[in-house]
Amino acid sequence: MSICPFLLHFSAVVFDDCTGNEGVEFEVSNPDFLIDEKLNLVPRRHVIDSGDVMFVHGVNNHVDDMAQVTIMGEILGLSDMMPYRSKRSLLVPPMFVPENQRAPFPRLIGKVISSNMKEDHIFRLTGRGADQDPKGVFSINRLTGDVAVSRALDREAIAYYHLQVSTTDLSGKLVEGPADLDVSVIDQNDNRPVFKEPRYSGEVQEGSPTGTTVMTMTAYDADDPNTDNAVLRYIIVRQLPDKPSPNMFYIDPERGDIVTVISPHQLDRETLPTTQYELEIVAKDMAGSEVGLTGTATATITITDRNDHAPEFTHSLFQASVNEGSTGVVVNLTVDDRDDPATGAWRAIYSIINGDPNQNFEIQTNLDNNEGMLSVVKPLDYESAMFHTLLIKVENEDPLVPDVVYGSSSTATVYITVMDVNEGPVFFPDPLVVIRRENIPVGSFVAMLNATDPDYLQTQSIRFSVLRDPADWLIVNPFKGNVTTRAILDRESPHVHNNQYTALFMATDNGSPPASGTGTLIITIEDENDNAPYIFPSVARVCEDSKDMNVVIGGRDKDIHPNTDPFKIELGKQPGLEKTWKISRINDTHSQIMLLHSLKKANYNLPLVLTDSGVPPISNNTELKVQVCTCKKNRMDCSHAGSIQTNILLLLGLKKEKSELCRVY
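The model shown is predicted, which means the values in this text are computed figures rather than measured ones.

Analysis parameters
- Residues numbered from 1 in each chain as written.
- Predicted model: local features only at pLDDT ≥ 70, side-chain atom pairs only at ≥ 80, totals over all residues.
- Heavy atoms only, no water.
- Helix = DSSP H or I, 4+ residues; strand = E, 2+ residues; numbered from the N terminus.
- Buried < 20%, exposed > 50% of the residue type's maximum accessible area, 1.4 Å probe, protein only.
- Contact = heavy atoms within 4.5 Å.
- Disulfide = S-S within 2.5 Å.
- pLDDT = per-residue confidence, 0-100.

**Notes on unusual backbone geometry**
Working step 1: Omega for the bond connecting Phe428 with Pro429 falls within 30 degrees of zero, at -5°, which places this linkage in the cis form.
Working step 2: The residue Asn370 is not glycine, and still its phi comes out positive at about 70°.
Working step 3: Along the chain, Asn370 falls in the loop between strand S31 (361-365) and strand S32 (372-376).
Working step 4: Overall, Asn370 belongs to the buried group, its relative accessible area being 4%.
Working step 5: Notably, Asn439 is not glycine yet its phi reads approximately 70°, a positive angle.
Working step 6: Tracing the chain through its elements places Asn439 in the loop between strand S36 (432-437) and strand S37 (445-448).

Written out as structure tokens, the structure is:
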């Protein structure tokens, strides 16, 4: 469409948008003028400012144009009816500059008038756009007051300039002002609408009511928001795919809200050709008029699932077989579900609702394929039940929508056949615990093993054998299972722990192939007083010059109570020992030996008799090695004492015969 320019014929404005001039609005940059109903440019007051420049801005839905008007001479106005302002010496009208003007520059945009202007006075322009950054955008003729712009302006960069005009004499002395000069940059539609993102994503659940808001598209226009240049309208120009309807969605032209148009019945994820639709959205400025600029973005709408389909078994009957005594997965149950596999509306939960009173079975969901894995968790017994019939139910993690229910296809029957397996004999009790005394004769009866074959529907014989006998004490009759001794039981053996001896036996049937089972025999061995006590320590050290030569010794016994302490510790039967040594009891296990007079440095063997409390008691004739050492400054030297060993008879006090009684080792 061609756009015809403004023409000024005397006082009439002629505007032609080539389409009939409907809805034209005018704006005059000089507030002293207006456009009346007859499109006449008339003054509001008397205008005597010869040479003033103004702009007339006309705009409608089809065109946006501007004309420059120069006032020549004196114009009589309507000051009596429309008073404007009191006269002042420096007249500075607001000025308007369209953005994006083309060369040539500079261009006259207005005029400043001074009623007191003299030959030695000049105009001066200051402020942002003059002597401040951006410098040199505007200039003023020093003599005439004509204001000019030096280059094209961008409203989106700077929309408004505030400057000051003053007059000075030639020496720079201020004469008038400063007065404000406001320059407004008139917007041109030079910016397209822009979406924040090239692609937007939204989702709507299947079955949603018509008119459900899916998402909101928002674009921005850098032009003046107070003009149609930044007034946007939205439209959907394309939908892919266009089935089942090319108009499944609608966008509010002003708000940008995308809503559903398709009926809830047709918005069915399982019947739609795709679960994702792409919409090409166009935002157009100028309130959507034909001359508006456009911006484009893509909206991807995903149809999300709801649980409107119950899972159904692919078969009403499943069958499987399993060996008795075994565990693990026996059958995989398959189901169909038309809902989205990535949601709880598809994932299945299986449960056994009948046929498993003993909880022998368990069913879990295979997360990869949604199948139900039926497993045996407690071994089955062929002899107890050859068949099992289970009733299985399948449900979804998410609840079904109100108008959908689980039907008969959501249950299935599973027949389990138990296969007979030759099972090994079972010992009872296991372990078998018996009590026997140690030292019983070889061949003595110990225990009778009892093992039964679970395969009672078959006639099979059982043979017994020794599997583990650490001390090799036992033997078993292979047919009867009676256990007897082949060696003496010894409670003090290293193979006995906490008075118990453990052996392992095996029972084997004659099935095909043979099967075996093991059983444990624990023998609690009662103690016999069959171990003599012994002293501890066996060596004692004393100082040769000590006035108080005492030694504490104790008794020990491998047997257990009551065949141990209290111990009786006495001097040997040799005559005369009581003249040199004295023994006194401390407690049930220890006694103190006192030397009645000093001895020379040597090793002496003191005969002792140690007796336990068993029935009958056992005595042990033993010797205590006494080392008489040299002691100096808390140090004991026994090095020389070890070179001579002397029988305790040296200490009998027979000085004349001492050399004859001495034994040297």
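**Observations regarding the environment of Met636**
Working step 1: Structurally, the position occupied by Met636 is in strand S52 (residues 635-637).
Working step 2: Judged by relative accessible area, Met636 falls into the partly exposed class, the value being 41%.
Working step 3: Remark: the alpha-carbon pair of Met636 and Cys543, spanning 93 residues in sequence, is separated by 7.4 Å.
Working step 4: Non-local contacts of Met636, meaning those with residues more than four positions away in its chain, are made with Arg541, Val542, Cys543, Cys629, Thr630 and Cys631.

**A few points about the side chain of Thr167**
Working step 1: Tracing the sequence through the fold places Thr167 in strand S15 (residues 160-169).
Working step 2: Assessed through its relative accessible area of 0%, Thr167 is described here as buried.
Working step 3: Aside from chain neighbours lying at most four places away, what touches Thr167 is Leu90, Ser114, Met117, Ile122, Phe123, Lys173, Leu174, Val175 and Glu176.

**Description of the state of the cysteines**
Working definition: the covalent bond between the sulfur atoms of two cysteines is a disulfide.
Working step 1: Going through the model one piece at a time under the given rule, you end up with two disulfides.
Working step 2: Paired through a disulfide, Cys543 and Cys631 show a sulfur-sulfur distance of 1.8 Å. Negative torsions about the S-S bond denote left-handed disulfides, and the value of about -85° found for Cys543 with Cys631 makes this one left-handed. Placement of Cys543 in strand S45 (residues 539-543) and of Cys631 in strand S51 (residues 619-632) is noted, with a sequence separation of 88 residues between them.
Working step 3: Given a relative accessible area of 19%, Cys543 falls into the buried group.
Working step 4: A sulfur-sulfur distance of 1.8 Å marks the disulfide that ties Cys629 to Cys638. Handedness here is read from the sign of the S-S torsion; for Cys629 and Cys638, about 105°, the answer is right-handed.
Working step 5: Judged by its relative accessible area of 0%, Cys629 falls in the buried class.

**A look at the confidence of the model for the chain**
Working step 1: In this model, the chain carries a mean pLDDT of 87, and residues with pLDDT of at least 70 account for 88%.
Working step 2: Averaged over each element, pLDDT in the chain is lowest for helix H1 (residues 658-661) (32) and highest for strand S23 (residues 257-260) (98).
Working step 3: With pLDDT under 50 throughout, residues 76-87 is counted as low confidence; its partners more than four residues away or in other chains account for 19 contacts.

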